[in-house]
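Here are the chains, one letter per residue:
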Amino acid sequence: MLSVKNIETWYDLIRALHGISFEIKQGDIVALLGSNGAGKTTTLKTIMRLLEDDQPEKGTIEFMGKRIDRMDTEEIVRLGISYVPEGREVFPELTVMENIQMGAYTRKDRQGIKDDIEGILKQFPILSERRNQQAGHLSGGEQQMLAIGRALMSRPKLLMLDEPSLGLSPLLTKEIFAIIQRINQEGVTILLVEQNVNMALKYSHYAFLMENGRIVRADKPEVLREDDDVKEFYLGIATETSAKGYKRYRRKVRFR
Amino acid sequence: MFEMLLIEGLAIGACYGLFGVAVAIIYKTSDVVNFAQGEMGMMSTFVAYHIMTAYGWPFYIAFPATLIFAILLGMAIEFCFLRPAKEPTVLGLLILTLGAEMLLMGLAGWKWGAEQKDFPFLLSVHKTVEIFPGFALNEWTIGVFVLTTVVMVLLFLFFRYSKLGIAMRATQQNENAAKIMGIKVERVFSITWGMSSLIGALAAMFFAARSVLDPNFMMEPFMRAFAAAVLGGLTSIPGVVIGGLILGIIENFFGYAWPEWKPIVAFVVIILIITVRPSGLFSKHYVKKV
């Protein structure tokens, strides 16, 4: 469905993505994992074309057989990719309802929009309760639900979420992941960026591991969970001790 | 006497408020005080003057033509001056609007000359209408009140209920998120400048009808309107109009008591407000939650 081939993204003179390629199959939940600064968010922003106009410098991005790496963000939204940015980014002084309506900005069918708003409010009862409140006054979890609901309003085929669990309690994180799973079951493909590797591996069908702007692992979550590097660096289950009994903090990740 | 001073003050204040709204609309979206606002209005007024005197066309043709010109002028200035600025700082944008101001002033001086002209406006300050027995207002005052009310109501409806209006507010609050929703942010800026220029031109024509027309005539009204906007808090549109009304009344009463100090009042007001309440009287503050 989405195929990224060999893209390189630069921030001025710094190369943030060193030619990454991956593919996402329709109907999957795909997780993009990695530590801070690995390039996960940059990857999503590159796909959405939110960076400078001349990015990505190299490589192609295809969505449903169409090249999108030189399209405007607005056209990409129209094609059916929706993005929930890191940190929610709701419109703080618009009401919850107005926020949801803005999600359907690219659509013209009034009746369809009305039905979808009903659907979203049913799916997120808290939003229905707070529909006339300013979005900035919602709690973090409610804002996250609003951001997801808003992103769904454009009827995406692919939903990209950037750290949906950021700043949420474990219980709310679980709820958000359950919502993501439900959205997926309704037929939306999902690309998920997460720091919470444990949770992400639990819910995804496939996962990529990024480090320093490269993809270093790509496999099913069951396999990745057993991988020594992943275990040690991301899940925090250290096994290896040196001959002298020291813990080694940094082990080189082998690039595929 | 008191009522006359009050009404006169309210009328001129409404005019300041209207022009302040034009400043505030741009400030809200572009985060920059548009110092070319006065000259944009001046240019539009000159176009109206030109259509009426050079071509001899009547006011009811010149008026809509001028409004269309004002919209295009606003969009053109946004397109030519602000959009090309790459990763602009607020200070940089400010300088850009100052540059635009000087350019417009130079253009007007070159085309129409620096001598003062009478602006043939539909509504006169000297003709009075008796609204009900014993209570007469001049046409200009009535026009200002009607226009300000209409503009305010339309703006309220537009920003509250229309999809484009909500999208404009969304863009003001979070440009990045607006882009993600598929809102064409550049188009929103363009429309904002067009709208602001339109409102500015309306107010400028009223100012011209009251005083004279020359390339400098919008300097003072602009500064007063800016003071009104600061007084009202720059971000709240009704606040700006109320700020304008307050400023108009203060200025009129002050000017009656000590005429020689009249031009200074506006600036004293700005200084006082900025020291006491830097965000203005009516601005709403929103602090981002992490």
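Being a predicted model, the structure only gives us computed values, none of them experimental.

A. Seen up close, the overall build of chain B. Scanning chain B from N- to C-terminus turns up 11 helices and 2 strands. Moving toward the C terminus, one meets the helices and strands of chain B in the order α-α-α-α-β-β-α-α-α-α-α-α-α. In summary, chain B has a C-alpha radius of gyration of 19 Å against a globular reference of 19 Å for 290 residues, a match within 12%. When its C-alpha atoms are laid out on the principal axes, chain B stretches across 60 × 45 × 35 Å. Out of the 290 residues in chain B, the part that is buried amounts to 51%. Across chain B, contacts joining residues at least 24 apart in sequence account for 72% of those joining residues at least 6 apart.

B. Main features of the sheet that holds strand β1 (residues 2–11) of chain A. All names here are of chain A. Spatial strand order, β2-β1-β4-β5: 4 strands in an open sheet with antiparallel pairing. With one partner strand each, in any of the chains shown, β2 (14–24) and β5 (66–67) form the two edges of the open sheet. Pairing between β1 and β2: 8 bridges, direction antiparallel. In the sheet register, Val4 faces β2, and the bridge partner there is Phe22. Running at roughly 75° to β2, helix α1 (residues 40–48) makes contact with β1, β2 and β4 (58–63) of the sheet.

C. Up close: the pattern of salt bridges. Counted according to the given criterion, the structure contains 14 salt bridges over all chains. A salt bridge links Asp69 of chain A to Arg67 of chain A; the shortest N-O distance between them is 2.8 Å. The class for Asp69 of chain A is buried, based on a relative accessible area of 4%. One salt bridge in this structure joins Lys184 of chain B and Glu74 of chain A, with 3.8 Å as the shortest N-O distance. Within this pair, whereas Lys184 of chain B is found in the loop between α7 (175–180) and α8 (185–210), its partner Glu74 of chain A is found in helix α2 (residues 73–79), the two belonging to separate chains. Taken together, the shared-partner salt bridges in this structure form one network comprising Arg107, Asp109, Asp116 and Arg155 of chain A.

D. Up close: a positive patch on the surface. Together, Lys108, Arg110 and Lys114 of chain A together with Lys163 and Arg187 of chain B give the surface a local cluster of positive charge. For Arg187 of chain B, the position within the fold is in helix α8.

E. Structural view of a nonpolar patch on the surface. All names here are of chain B. Together, Ile242, Ile246, Ile250, Phe254, Trp258, Trp261, Ile264, Val268, Leu272, Leu281 and Phe282 make up a nonpolar patch on the protein surface, roughly 930 Å² of accessible area in all. At the level of elements, α10 (237–257) and α11 (262–276) are the ones that each hand at least two residues to the nonpolar patch. No other element matches α10, which puts 4 residues into the nonpolar patch. Assignment of secondary structure puts Phe254 in helix α10.

F. Quick look at the pairing of strand β8 (residues 189–194) of chain A. Residue and element names in this part refer to chain A. Most of β8 is tucked away, with 6 of its 6 residues classed as buried. Covered by surrounding structure in β8 are Thr189, Leu191 and Val193 together with Ile190, Leu192 and Glu194, the residues of both alternating faces. Bridge count for strand β3 (residues 29–34) against β8 is 5 bridges, and the pairing is parallel. Bridge assignment links Val30 to a residue of β8, and that residue is Leu191. Note: strand β7 (residues 158–162) against β8, 5 bridges, orientation parallel. Following the sheet pairing, Leu161 is matched in β8 by Leu192. One crossover worth recording links β7 to the parallel β8 by way of helix α7 (residues 170–185), and it is right-handed.

G. View of the sheet that holds strand β10 (residues 214–219) of chain A. All names here are of chain A. Taken together, 6 strands build an open sheet; the order of strands is β6-β7-β8-β3-β9-β10 and the sheet is mixed. Single-partner strands in this sheet number two, and they are β6 (81–84) and β10. Direction aside, neighbouring strands of the sheet carry axes that sit 20° apart on average. Seen against the sheet, α7 touches β3, β7 and β8 and runs at an angle of roughly 155° to β8.

The rules we used
- Residues numbered from 1 in each chain as written.
- Chains lettered and ligands numbered in written order.
- Predicted model: local features only at pLDDT ≥ 70, side-chain atom pairs only at ≥ 80, totals over all residues.
- Heavy atoms only, no water.
- Helix = DSSP H or I, 4+ residues; strand = E, 2+ residues; numbered from the N terminus.
- Rg over C-alpha atoms; globule rule 2.2 N^0.38 Å.
- Buried < 20%, exposed > 50% of the residue type's maximum accessible area, 1.4 Å probe, protein only.
- Contact = heavy atoms within 4.5 Å.
- Pairing = 2+ DSSP bridges.
- Axes fitted to C-alpha atoms, helices over the stretch in contact; angles between N-to-C directions.
- Salt bridge = Lys/Arg side-chain N within 4 Å of Asp/Glu carboxyl O.
- Patch = residues over 30% accessible without salt bridge, like charges linked within 9 Å, V, L, I, M, F, W, Y side chains within 5 Å.
- Areas by Shrake-Rupley, 256 points an atom, 1.4 Å probe, with all protein chains shown as cover.
- Lys, Arg positive; Asp, Glu negative; His and termini not counted.
- Charge placed at Lys NZ, Arg CZ, Asp CG, Glu CD.
- Right-handed = clockwise from strand over helix to strand, strands pointing away.

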